[in-house]
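Structural features, examined
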Amino acid sequence: MLDTSHIASQQQSTFTFYATGNWQTFQKPRNAKFIEIFCLGGGGGGGHSTITAAGIAGGGGGGAGGIVRGIIPAFLLPDTLYIQVGKGGAGGKASATSGGSGGISYISLQNTIVEQTLVCKSSTSVAAGGTSSGTAGTAATIAVTALSAFSNLGIFTPIAGVIGSAGGTNTGTAGASQAALGTNIITGGGGGGGKTASVFGAGGNITAAPVLLTTQVSGGVTAGQDGADGYGTLVPFCGTGGAGGAGVTTGIGGKGGKGYYGCGGGGAGGGSVVTAAGDGGDGIIIITVIT
């Protein structure tokens, strides 16, 4: 008879945690052999430019959150882990307002983010929001897993976030675009279109990928048109940021689209009346138990 008693079964249970603003708990199931972790931080919000009748840049797109993947033998972990999922940064909703930063996601042995208690965190720094002057939001920097004391219990792979796209300039150019599945499974947000007193630019797109994310997330094209919200899939996990809003010579600039989980929000198009930039997508933590 073939002896398979030393081989772990492939029974799996998946636990998904969303951003609530509070600590949540994960209870290790009986007979767990390995704990697999997918830890994604929140994306930055898009920027909102200064309201003016003259030339102005569109808002910058927000950056995307960092990712940490890992696996730990279950017997090395306590029965309870504490989970905090980073929220996405708010998009700018007033004149000359940069987008908010996305929150870092944490898995800890206690309900604290002190490094000595952490199993992992999604990044070292936050995903920044796009600025009101059109500068793209910076990506969340790669997590230094060695700083999280209990990451030494397992094997972890940290992945940096993705920078957002710049807004169009004050000469009325289009916001910058970026490609889905170009360098990562998530993206930053598209830039908002710039404008002058007589010319406006389109919002930046998130262009489609050959597989899975086959629909382009389109920025605003006509004057003051909103950018589309990002989208994605949980299996396999991937997603896009929101697209940028189009500028308008006089009136309300296009809104930026909201980002998918961990992705950046789109920048607002330049205009002479307040609009709204897109919110960054909340983070997410997925824990899979192998028994």
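Every chain is numbered independently, its residues counted from 1 as its sequence is written. Confidence filtering applies because this is a predicted model: local features only for residues at pLDDT of at least 70, side-chain atom pairs given and counted only at 80 or more, and all residues used for totals across whole chains, interfaces and linings. Excluding hydrogens and water, the side-chain values take into account all heavy atoms of the structure.

With that settled, the discussion passes to the overall build of the protein. Numbering of helices and strands runs from the N terminus; a helix is a DSSP stretch of H or I covering at least four residues, while a strand is a stretch of E covering at least two. Looking only at helices and strands, one finds zero helices and 13 strands in the protein. Going residue by residue from the N terminus, the α and β elements of the protein occur as β-β-β-β-β-β-β-β-β-β-β-β-β. C-alpha atoms define the radius of gyration, and 2.2 Å times the number of residues to the power 0.38 defines the globule rule. Here the protein has a C-alpha radius of gyration of 20 Å; the compact-globule value for 291 residues is 19 Å, and the two agree. For the C-alpha atoms alone, the extent of the protein along its principal axes is close to 80 × 40 × 25 Å. Within the span of the protein, comprising 291 residues, buried residues form 52% of the whole. Counted over contacts in the protein with a minimum sequence separation of 6, partners at least 24 positions apart contribute 68%. Throughout, exposure labels follow a simple rule: accessible area from a 1.4 Å probe, protein chains only, divided by the maximum for the residue type, with under 20% read as buried, over 50% as exposed, and the rest as partly exposed. Note on contacts: a residue pair qualifies if any of its non-hydrogen atoms lie within 4.5 Å across the two residues.

A carboxyl oxygen of Asp or Glu within 4 Å of a side-chain nitrogen of Lys or Arg is what we treat as a salt bridge. Tallying each qualifying case throughout the model produces three salt bridges. The salt bridge partner of Asp79 is Lys28, with a shortest N-O separation of 3.9 Å. Highlighted residues: Asp79 in the loop between β4 (67-73) and β5 (80-84) and Lys28 in the loop between β2 (24-27) and β3 (34-40), separated in sequence by 51 residues. For Asp79, a relative accessible area of 51% gives the class exposed. Between Asp279 and Lys93 there is a salt bridge, and its shortest N-O distance comes to 2.8 Å. Here Asp279, found in the loop between β12 (237-239) and β13 (284-290), pairs with Lys93, found in the loop between β5 and β6 (106-108); they are 186 residues apart in sequence, far enough to count as distant. Its relative accessible area of 28% is what places Asp279 among the partly exposed residues.

How two aromatic rings sit relative to each other is set out by the distance from centre to centre and by the angle between their planes. For Phe, Tyr and Trp, rings pair up if their centres lie within 6.5 Å, where Trp contributes its six-membered ring, and each pair is then called stacked (planes under 30 degrees apart), edge-to-face (over 60) or tilted (otherwise). Taken as a whole, this structure holds five aromatic pairs when the rule is applied. Both rings, one in Tyr18 and one in Tyr261, keep their centres 6.1 Å apart while their planes meet at 35°; by these two values the pair is tilted. Of this pair, Tyr18 sits in strand β1 (residues 12-18) while Tyr261 sits in the loop between β12 and β13, and the two are 243 residues apart along the sequence. Classification of Tyr18 by relative accessible area gives partly exposed; the value is 38%. What links up through ring pairs into an aromatic cluster is the set Tyr18, Phe38, Phe237, Tyr260 and Tyr261.

Our focus in this paragraph is the pairing of β4. Regular strands show a simple pattern: their side chains alternate between the two faces of the sheet. Here a strand pair is declared whenever DSSP counts at least two bridges between the two strands. Pairing of β3 with β4, which is carried by seven bridges, proceeds in the antiparallel orientation. When the sheet's bridge partners are listed, Ile37 is paired in β4 with Gly70.

The next subject is the state of the cysteines. When two cysteine sulfur atoms lie within 2.5 Å, the pair is treated as a disulfide. On inspection of all chains with the given rule, the structure shows zero disulfides. Between Cys238, a cysteine without a disulfide, and Cys263, which holds the nearest cysteine sulfur, the sulfur-to-sulfur distance is 9.2 Å. Using a relative accessible area of 0% as the deciding quantity, one classes Cys263 as buried.

The next point concerns the environment of Ala223. Of note, Ala223 is situated in the loop between β10 (206-207) and β11 (232-234). For Ala223, a relative accessible area of 44% puts it in the partly exposed group. Remark: the alpha-carbon pair of Ala223 and Gly254, spanning 31 residues in sequence, is separated by 7.6 Å. Ala223 has contacts with Phe200, Gly247 and Val248, leaving out every residue within four places of it along the chain.

Quick look at unusual backbone geometry now. Cis geometry is found at the peptide bond from Val235 to Pro236, where omega equals -15°. In this fold, Pro236 is placed in the loop between β11 and β12. Unlike most non-glycine residues, Asn31 shows phi in positive territory, near 70°. Tracing the sequence through the fold places Asn31 in the loop between β2 and β3. If you check the backbone angles, Ala96 has positive phi at about 60° while not being a glycine. Along the chain, the position of Ala96 falls in the loop between β5 and β6.

The next thing to look at is a nonpolar patch on the surface. Like charges are joined within 9 Å and nonpolar side chains (Val, Leu, Ile, Met, Phe, Trp, Tyr) within 5 Å, but only among residues with over 30% relative accessible area and no salt bridge; these make up the patches. The protein chains shown are the only cover counted for residues, whose accessible areas, like all others here, come from Shrake-Rupley with a 1.4 Å probe. Among the surface-exposed residues, Tyr18, Leu234 and Val235 lie close enough to one another that they form a single nonpolar patch of about 310 Å² accessible area. Structurally, Leu234 can be placed in strand β11. Among the residues examined, Leu234 registers a relative accessible area of 39% and is labelled partly exposed.

Take the nonpolar core next. Remark: nonpolar core denotes a set of buried residues (Ala, Val, Leu, Ile, Met, Phe, Trp, Tyr, Cys) joined through side-chain atoms within 4.5 Å. In this structure, Ile35 and Ile37 are the most contacted members of the largest nonpolar core, which totals 22 residues. Elements with a minimum of two residues in this core: β3, β4, β5, β7 (118-121) and β13. Filtering out sequence-adjacent residues up to four positions away, Ile37 remains in contact with Val68, Arg69, Gly70, Ile72, Ile107, Val119, Cys120, Phe156, Ile286 and Ile287. Residues Ile186, Phe237, Tyr260 and Ile286 belong to the second largest nonpolar core, which totals 11 residues.

Take it as geometry only, folks, not as evidence of what the structure does.
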